[in-house]
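The residues making up each chain are set out below.
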Amino acid sequence: MHEENYVSNFWRSHNFRLEPWGNDYEPPIQISEEIALSESDVNPTVETDNWDSFESQDPRSLPNRLIFTDGRRRLDAALVGGDGNTITYGVFGTIAVGAVVVDRTIPKASYLLEPEIDIHRVVGFGGEQEAVSTPIPCPLGSKAELLYKAVKSNQPNTPEARGAIVQNAMLAAEEQLVGKLNIKDTDTLVIRDGSLRYESPIFTLGYVKTMHRQYLPEKYAALLWKLLPGQRTPIFEIKDRSQYSWYLKSGSSQHFNKQLGYHDLHGIVRLELSIKNGIDRATEIANQTCYLIPYYASHPSRDPRAPQNLAPVGALERELGRRMGDATLIKRRLQNFLASFGGNK
């Protein structure tokens, strides 16, 4: 009886709650104290200095056209080799980028045709080893083309360089896709899955569903724990990135965190927008997201990353994965190609 009481008291007194995304995904909250920002890194009063009783306003209008962009990456084969006794780490990788267009006036969703879903295959090495573009033979009669294009890498010669090489190639391809969209009207909003880069167009909204960094000082971050679905924090400025940002609670009020044993930060996402939009335009878009993000949030019965992973993005991810090709067959082609050069000397 004494032990049972001890266990019960432990869980009653400690605020441990479930991580809803499960063990197959990186947790959406991965903040360490070393990378927490200080108050001098952000300006939390760019919209208002009253965070205690902040309530966002309804948007004056909503965009009729939404474009969701995303990318996927895959390490097809890890490489180890080099001249003599040196060891160099490398990788064959595949990346895919694309977009889904949602016409809210019909309503209808479709894959963007121009630019269409694009597949890239890359080969690269860590350290100073330069790669060479490499076509991989396919069976006679096959329409598949496996051309791995060489990418220059500034990664150190470590095993971790492999993931970074493919990741950076994917981010560059995503940036090129967003740049080709060339959106200049306020009736279209581009929502990029992930953080914005410095050169992102001003009409692009960055959608960050994982928290690697604490951007708000503690006295402002307290509001995140109190947000309900569809509510947001005031806009704050990230000074060194020239971006506006705000946190928003996604999901449905029908799925209460407390009932499911989830922690109270479940459903929190962070949005980014270039400071070039100006605070008035950023405020209007921030108010729009209070409606749009929960509306397109995924459902827990269909996506283990719900509600943070948006439903159009989930559909796009599946299509990108299909067009990347079968991982097992491609790895077999790479094995046959490398084996054709004989064994180690």
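Computed from a predicted model, the values in this text were never measured in an experiment.

J.: Could you clarify how one ought to interpret the overall build of the protein in this entry?
T.: Check the secondary structure of the protein and you find seven helices and 12 strands. Projected onto its principal axes, the C-alpha positions of the protein cover 70 × 65 × 40 Å. The buried share of the protein, taken over its 345 residues, is 44%. For the protein, long-range pairs separated by at least 24 residues make up 69% of all intrachain contacts whose partners lie at least 6 apart in sequence. Entry remark: accessible area of the protein is about 19,400 Å², with carbon and sulfur atoms responsible for 49%. With 39 positive and 42 negative side-chain charges, the protein shows a separation of 6 Å between the mean positions of the two kinds.

J.: Could you clarify how one ought to interpret the packing of aromatic side chains in this entry?
T.: Aromatic ring pairs are described here by two measures, namely the spacing of the ring centres and the angle between the planes. Summed over all chains, the structure comprises seven aromatic pairs. Plain terms: the ring middles of Trp51 and Tyr220 are 5.0 Å apart, the flat faces sit at 65° to each other, and that makes the pair edge-to-face. Residue Trp51 is found in the loop between strand E1 (42-43) and strand E2 (65-81), and its partner Tyr220 is found in helix H3 (residues 218-221); the two are separated by 169 residues along the sequence. Tyr220 shares its class with Trp51; the two are buried. Through pairs of rings, three or more aromatic residues link up here, namely Phe68, Tyr291, Tyr295 and Tyr296.

J.: I tried to follow the layout of surface pockets on my own but got confused; where do I start?
T.: The gaps left among the atoms become clear once a water-sized probe is rolled over them. Each pocket or cavity is described by its volume, and for the largest pocket that value is around 1,400 Å³. Forming the boundary of the largest pocket are 33 residues, of which Glu26, Gln167, Met170, Thr210 and His212 lie nearest the centre. Going through the elements one at a time, E2, helix H2 (160-181), strand E8 (188-193) and strand E9 (204-208) are the ones with two or more residues in the lining of the largest pocket. The biggest single contributor to the lining of the largest pocket is H2, with five residues. Each residue belonging to the lining of the largest pocket can be placed in one class, and the counts come to 11 nonpolar, seven polar and 15 charged. Empty space within the second largest pocket amounts to approximately 710 Å³. Forming the walls of the second largest pocket are 20 residues, and the residues nearest its centre are Leu79, Val80, Gly81, Gly82 and Leu338.

J.: For this particular structure, what's the right way to read the pairing of strand E4 (residues 108-111)?
T.: As a general feature of sheets, a regular strand has side chains that alternate between the two faces. Two strands pair when backbone bridges link them, and strand E3 (residues 88-103) and E4 are joined in this way by four bridges, in the antiparallel orientation. Within the sheet, the bridge partner assigned to Val102 lies in E4 and is Ala109. Counting the residues that bridge the hairpin from E3 to E4 gives four residues.

J.: Help me out: how do you make sense of the nonpolar core in this one?
T.: Most often, soluble globular proteins have nonpolar side chains that are buried together. Membership of the largest hydrophobic core comes to 29 residues, with the highest contact counts inside it found for Phe68, Leu205, Trp246 and Leu310. Listed by contribution, the elements that provide at least two residues to this core are E2, E3, E8, E9, strand E11 (243-249), strand E12 (268-274), helix H5 (279-295) and helix H6 (311-323). Looking at this core, the element that brings in the most residues is H5, giving six residues. Among residues more than four places away in sequence, those in contact with Leu205 are Leu189, Val190, Ile191, Arg192, Leu196, Trp246, Leu271, Glu272, Leu273, Ile285 and Thr289. Among the nonpolar cores identified, the runner-up in size contains 19 residues, and Val91, Val97, Val166 and Ile183 belong to it.

Basis of the calculations
- Residues numbered from 1 in each chain as written.
- Predicted model: local features only at pLDDT ≥ 70, side-chain atom pairs only at ≥ 80, totals over all residues.
- Heavy atoms only, no water.
- Helix = DSSP H or I, 4+ residues; strand = E, 2+ residues; numbered from the N terminus.
- Buried < 20%, exposed > 50% of the residue type's maximum accessible area, 1.4 Å probe, protein only.
- Contact = heavy atoms within 4.5 Å.
- Areas by Shrake-Rupley, 256 points an atom, 1.4 Å probe, with all protein chains shown as cover.
- Lys, Arg positive; Asp, Glu negative; His and termini not counted.
- Charge placed at Lys NZ, Arg CZ, Asp CG, Glu CD.
- Phe/Tyr/Trp six-rings, centres within 6.5 Å; stacked < 30°, edge-to-face > 60°.
- 1 Å grid on protein atoms, 1.4 Å probe; cavity = no way out; pocket = protein on both sides within 12 Å on 5 of 7 lines; lining within 4 Å.
- Points joined across faces, edges and corners; volume = space filled by probe spheres on them.
- Nonpolar A, V, L, I, M, F, W, Y, C, P; charged D, E, K, R; others polar.
- Pairing = 2+ DSSP bridges.
- Core = buried A, V, L, I, M, F, W, Y, C linked by side-chain atoms within 4.5 Å.

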